[in-house]
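# Chains, contacts and geometry: an overview
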Amino acid sequence: MNREQFLAQVRTAAASGRMYRVHPRPHAHGQYDPANEAEAQARFQREVINAGGAFHQLNEGLALRDLLASLIELHACRTAIVWRHPALERHGVYEMLDELGVTWLDAERAEGLVRTERRAAWLAADLGITAADFAIAETGSVVVQSRRSQERMASLLPKLHLAVVEPAMIVPDLFDLFARLEQNGLDQLPSNLTLITGPSKTGDLELRLVTGVHGPRAWHVALVRS
Amino acid sequence: MPGTDYASSEHHEFLDATTEALANANLQLALANLGDTLGQRNKDAFAALPDADALRERARAIKDATLAELDRHLETLEASVQRLGGQVHFAGDGGDACRIIEEILRSGGARRVVKSKSMTTEEIHLNRALEAAGVEVVETDFGEFIIQVAKQRPSHLVAPALHLRTPEVAQLLSNHAKRSLPADAEQLAAYARETLREKFATADVGITGANFAVAESGTIVLISNEGNARLTVTMPRVHIAIMGIEKVIPKLADLPVFLKVLARAATGQTLSVYTSLVTGPRREGEHDGPEEFHLVLLDNGRSRILAGPLRESLFCIRCGACLNACPVYRNIGGHAYGGVYAGPIGAVLTPLYDGLAENKHLPHASSLCGACQTACPVKIAIPELLVKLRGALHDSPAGDSRIERLAYQVWARAMRSPRLYRLGTWLATRTIGRWTRKTRWLKRLPSGLHGWTAARDFPAPAAERFRDWWAREGKR
């Protein structure tokens with residue numbers, strides 16, 4: 001069956017079947033509408049924890065260094081995949097990793113490796129560090145968009161993922177995220193945009209929760225004031 | 001049939017499979033908590049969501065309006081995907097779809113394919129076709145991986161290995177690993193991670209379904225808790241997505257309406273762990289993601305359903321909520337239904353896709369209690385659809401039963417004549433009604449009707465007619 005036949009068949013069918021009794025109420029959104037930023041941040045924190053994540057409220061760069069140091073020690077991290085992102089630069093993440101003796105790989109360093117070495121290094125990384133493009137208070141999600149220096153793998157391959165979020169990245173509700181994406185324009189959508197809400201999970205064995213089946217087993221969100 | 005393996009056979013006698021399922025102790029244990037876990041979480045999640053009912057109505061309205069102009073939205077989707085550098089393929093049926101995918105694999109010289117869970121690929125038996133073509137196909141969802149190793153069929157829309165218990169899975173995966181694995185969910189999952197990571201790293205092509213496809217932007221939406229769908233569209237060089245045509249939604253703004261209800265309905269989560277919006281192949285300068293993107297649009301009977309009186313069944317977003325809510329599913333599990341889709345929605349879809357006559361028991365595998373409709377995030381009137389199928393069955397040769405025809409003829413005759421009705425009820429109360437005065441139940445009906453009493457009793461007629469009671473008591 002070719003394209004024209006296929007579409008003609010669908011066209012005839014769509015026109016001949018009947019529509020249903022539906023009662024659209026377009027303005028009823030069930031949208032989360034916090035009174036202020038502090039309330040939205042508190043909701044974000046609560047939802048991250050509900051989703052099985054660990055939440056860290058940090059006031060400046062030094063606190064982030066302490067968090068990194070303890071995570072690296074706890075999970076025995078030697079290598080990391082790191083986004084190249086203004087928020088991570090602002091908080092001095094790259095210098096901290098150097099100080100803490102972690103070998104890290106960003107887009108630029110990866111390009112210095114041959115293809116097979118690069119792939120092996122990515123697969124072997126213990127820790128993935130990303131910023132976020134948005135965060136959603138209502139659901140406790142961190143939104144990551146793929147770009148040259150924002151690899152999909154950073155939040156996916158390592159057993160531990162740390163997302164560095166700044167208060168300005170938080171939108172109240174899922175609907176707000178999509179409103180922002182529309183505002184930016186559909187042609188600005190990245191090849192991959194992922195809403196991350198928790199560590200990798202499965203309930204496939206007797207509905208019992210197991211984390212880390214494919215992606216990170218531990219998911220840490222650091223809300224850092226700039 | 002005795003000796004049938006219902007976990008792997010797709011076409012079998014429903015009643016036999018049901019009898020076997022009810023006697024299967026492991027299956028009964030596996031199903032025991034479904035209502036209290038997933039079923040209850042669905043209710044709690046919707047109760048906590050403000051304006052939940054309006055959202056569900058909105059999701060329904062979007063589906064309805066989209067289906068009314070489905071051809072136009074598919075053309076928009078096609079144009080958007082092409083603009084991004086992707087290729088769109090049109091598959092009239094499952095055979096077409098398999099051939100299209102085989103051709104993509106052959107032209108790229110692909111030897112190994114990783115798949116994330118997709119009911120659509122189950123529907124077209126893609127794995128079988130690709131394996132016959134000499135390609136290694138690896139299911140990567142943990143449940144699907146177990147099912148693939150066990151050579152069985154999924155028994156639940158979102159938890160495909162729900163029917164298996166941990167010791168059985170340990171046995172299966174131990175055989176696969178050629179070493180002994182403990183009956184421990186954590187360690188079995190770790191084995192899957194390790195085995196499958198290797199497959200991801202070396203696969204040439206990743207195949208996914210699509211939970212939604214946004215026409216205006218050419219975005220395919222993939223939802224998973226494990227992250228295997230993300231790996232499938234991150235590691236291999238080529239991504240092929242296959243979707244039923246009913247999965248298209250017109251606008252990006254429509255998507256959050258569905259996201260808000262889908263995970264809540266499926267597992268009670270506000271969102272699943274990973275919701276990925278995939279918009280074309282990787283862009284210039286990116287280091288991961290597929291270089292090539294194909295979208296296969298599958299009809300396979302959908303346009304026939306679209307034109308018919310059961311169009312509403314195409315609203316389904318495959319969340320599995322109706323399965324968890326259904327007292328029948330919770331007793332017999334997924335395999336008994338046969339076909340690809342189980343539970344209440346399966347009882348609608350399987351007769352529609354595979355033929356009503358071959359699946360004549362499915363529309364009756366429901367007490368019409370309505371729990372499925374209540375749990376459904378898009379409020380599909382499943383009981384009504386089942387009744388329509390029962391009607392169609394009655395009008396078809398497959399539904400023709402001599403004894404039923406006779407019974408209705410007698411009933412119709414009696415109902416048209418007050419005298420006959422009076423005589424009939426007098427006879428019934430004077431005979432059976434009086435004989436069973438103590439028990440009020442009939443334990444055995446005569447041959448031809450004994451199907452009813454094989455598994456339960458039949459209520460006996462009263463010992464006294466209402467009209468006699470009224471004639472006596474009404475005068476007081």
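Residues numbered from 1 in each chain as written. Chains lettered and ligands numbered in written order. Predicted model: local features only at pLDDT ≥ 70, side-chain atom pairs only at ≥ 80, totals over all residues.

## Focus on the packing of helix H1 (residues 3-16) of chain A against helix H5 (residues 70-83) of chain B
For any two helices packed against each other, the geometry is given by the interaxial angle and the distance between the axes. Two elements in contact, H1(A) and H5(B), have axes separated by 7 Å at closest approach and are oriented at 145 degrees. Contacts between H1(A) and H5(B) involve A:Leu7, A:Val10, A:Arg11 and A:Ala14 from the first element and B:Leu70, B:Asp71, B:Leu74 and B:Glu75 from the second. Residue classes in the contact of H1(A) with H5(B) are distributed as five nonpolar, no polar and three charged. (Axes fitted to C-alpha atoms, helices over the stretch in contact; angles between N-to-C directions. Helix = DSSP H or I, 4+ residues; strand = E, 2+ residues; numbered from the N terminus. Contact = placed C-beta atoms within 7 Å. Nonpolar A, V, L, I, M, F, W, Y, C, P; charged D, E, K, R; others polar.)

## Examining the sheet that holds strand S3 (residues 103-105) of chain A
Residues and elements named next belong to chain A. The six strands are arranged S1-S12-S7-S4-S2-S3 in an open sheet whose pairing can be described as parallel. Of all strands in the sheet, those bounded by a partner on one side alone are strand S1 (54-58) and S3. Between one strand and the next, the sheet's axes are offset by a mean angle of 20 degrees, whatever the strand orientation. Where S1 lies against strand S12 (residues 218-224), five bridges are found, and the strand directions are parallel. (Pairing = 2+ DSSP bridges.)

## Quick look at the sheet that holds strand S6 (residues 219-224) of chain B
The mixed open sheet is built from eight strands, whose spatial order is S8(A)-S5(A)-S6(A)-S9(A)-S9(B)-S6(B)-S5(B)-S8(B). Of all strands in the sheet, those bounded by a partner on one side alone are strand S8 (170-171) of chain A together with strand S8 (248-249) of chain B. Both strand S5 (residues 134-136) of chain A and strand S6 (residues 141-145) of chain A contribute to a ladder of three bridges, which runs antiparallel. Paired with A:Phe134 across the two strands is A:Val143, which belongs to S6(A). Contacts from helix H13 (residues 255-267) of chain B reach strand S5 (212-214), S6, S8 and strand S9 (274-279) of chain B, with the element oriented near 165 degrees to S5(B).

## Thoughts on the pairing of S12(A)
All names here are of chain A. Burial of S12 is extensive: seven of the seven residues sit out of reach of the surface. Across the two faces of S12 the burial is the same, with Ala218, His220, Ala222 and Val224 and Trp219, Val221 and Leu223 all buried. Where strand S7 (residues 160-165) lies against S12, six bridges are found, and the strand directions are parallel. Of the residues in S12, the one forming a bridge with Val164 is Ala222. (Buried ≥ 20, exposed ≤ 12 C-beta atoms within 10 Å, placed from the backbone.)

## A look at helix H20 (residues 402-416) of chain B
Taking 1.5 Å as the rise per residue, H20(B) with 15 residues should run 21 Å; its terminal C-alpha atoms sit 21 Å apart, in good agreement. Of all 15 residues making up H20(B), only zero are buried, and the element is barely covered by its neighbours. (Expected span 1.5 Å × (residues − 1).)

## Things to note about the interface of chain A and chain B
Counting residues at the interface gives 65 residues for chain A and 82 residues for chain B. Mapped onto the side of chain A that touches chain B, the elements with two or more residues apiece are H1, helix H6 (107-111), helix H8 (174-184), strand S9 (192-196) and strand S10 (201-202) of chain A. Sorting elements by how many residues they give to the side of chain A that touches chain B places H1(A) first, with ten residues. Examined bridge by bridge, S9(A) and S9(B) share five bridges and lie antiparallel to one another. By the bridge assignment for S9(B), A:Leu195 is matched with B:Thr275.

## What about the environment of B:Lys117?
Residues and elements named next belong to chain B. Inspection of the secondary structure puts Lys117 in the loop between strand S2 (112-115) and helix H7 (119-123). In this structure the C-alpha to C-alpha distance between Lys117 and Val158, which are 41 residues apart in sequence, comes to 8.8 Å. Leaving out residues up to four positions away in the same chain, Lys117 has contacts with Asp141, Glu144 and Pro160.

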